[in-house]
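# Results of the structural survey
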Amino acid sequence: MMIFNRAKEITKKDNPRLYRTVENLAITEGLPTPKVYIMDDPALNAFATGRNPEHAAVCATTGLLDALDDQE
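Everything in this summary refers to the structure shown in the same document. Numbering of residues starts from 1 in each chain and follows the order in which that chain's sequence is written. Since the coordinates come from a predicted model, pLDDT governs what is reported: local features require at least 70, and pairs of side-chain atoms require 80 or more to be given and counted, while whole-chain, interface and lining totals use all residues. To get the side-chain values, all heavy atoms of the structure are used, and hydrogens and water are removed first.

Time to look at the side chain of Glu 23. In this description a helix means any DSSP run of H or I spanning at least four residues, a strand means any run of E spanning at least two, and both kinds are numbered starting from the N terminus. With respect to the helices, strands and loops of the structure, Glu 23 is situated in helix α1 (residues 16-29). Per-residue accessibility, obtained with a 1.4 Å probe over protein chains only, is compared with the maximum for each type, and a residue is labelled buried under 20%, exposed over 50%, and partly exposed between these values. Residue classification places Glu 23 among the buried residues on the basis of a relative accessible area of 18%. Pairs of N or O atoms are called polar contacts if they sit within 3.5 Å, as long as, within protein, a hydrogen donor faces a hydrogen acceptor (for residues adjacent in sequence, only side-chain-to-side-chain pairs). Side chain to side chain, Glu 23 and Lys 12 meet in a polar contact 3.2 Å long. The contact partners of Glu 23, leaving out residues within four places of it in the chain, are Lys 12 and Thr 33. Residues count as neighbours in contact if any of their non-hydrogen atoms are within 4.5 Å of one another.

Here it is, written out as structure tokens:
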């Protein structure tokens, strides 16, 4: 289990926009969908981590989600 400082794991219903973006990228690359997290922070930031595709996670800040559109 991965835990990020101040980040909350989300499901598709919590934030469909972010979850579907991550899910679609994983499907396109033939990878399992990683766990998805959101960190309440105004900074524009995101990162991915994990030792392998089965133990991976993606985290984005609220600042990034508010500032960028789906294409960005």
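Turning next to the environment of Val 58. Locating Val 58 in the fold gives a position in strand β4 (residues 56-61). Put simply, Val 58 and Tyr 37 are 21 residues apart on the chain and 6.1 Å apart in space, counted from C-alpha to C-alpha. Not counting residues within four places of it along the chain, the set of residues in contact with Val 58 comprises Val 22, Pro 34, Lys 35, Val 36, Tyr 37, Phe 47 and Ala 48.

Turning our attention to the layout of surface pockets. Detection works on a 1 Å grid of protein atoms alone, calling trapped sets that fit a 1.4 Å probe cavities and calling open sets with protein on both sides within 12 Å along at least five of seven lines pockets, with lining residues defined by an atom within 4 Å of a point. Grid points are joined across faces, edges and corners, and a volume is the space filled by probe spheres set on the points. Volume-wise, the largest pocket comes out at about 250 Å³. Taken together, 13 residues form the lining of the largest pocket, with Leu 18, Thr 21, Leu 64, Leu 65 and Glu 72 sitting closest to its centre. Where the lining of the largest pocket is concerned, the elements lending two or more residues are α1 and α2 (62-67). Taken together, the residues that form the lining of the largest pocket break down as eight nonpolar, one polar and four charged. Only Asp, Glu, Lys and Arg are considered charged, only Ala, Val, Leu, Ile, Met, Phe, Trp, Tyr, Cys and Pro nonpolar, and every remaining residue, Gly among them, polar.

DSSP calls a pair of strands paired once it identifies at least 2 bridges connecting them. When strand β3 (residues 46-50) meets β4, the two strands line up antiparallel, connected through five bridges. Residue pairing in the sheet places Ala 48 in a bridge with Val 58 of β4. Here β3 folds back onto β4, and the loop between the two strands holds five residues.

Turning to α1, a few remarks are in order. Its 14 residues place the ends of α1 20 Å apart at the C-alpha level, agreeing with the 20 Å of an ideal helix rising 1.5 Å per residue. Buried within α1 are the following residues: Leu 18, Tyr 19, Val 22, Glu 23 and Ala 26. End-on, the buried residues of α1 take up no more than an arc of 125°, which puts them together on one face. Among the exposed residues of α1, those pointing more than 90 degrees away from its buried face are Leu 25, Ile 27 and Thr 28. Buried residues in α1 make contact with β1 (7-10), β2 (35-39), β4 and α2. Taken from the residues just after α1, Gly 30 is the one with a positive phi, measuring 70°. Every helix has an expected span of 1.5 Å times one less than the residues it contains. Of all possible arcs, the one meant is that of the directions from the helix axis to the C-beta atoms.

Shape descriptors only; they carry no functional weight alone.
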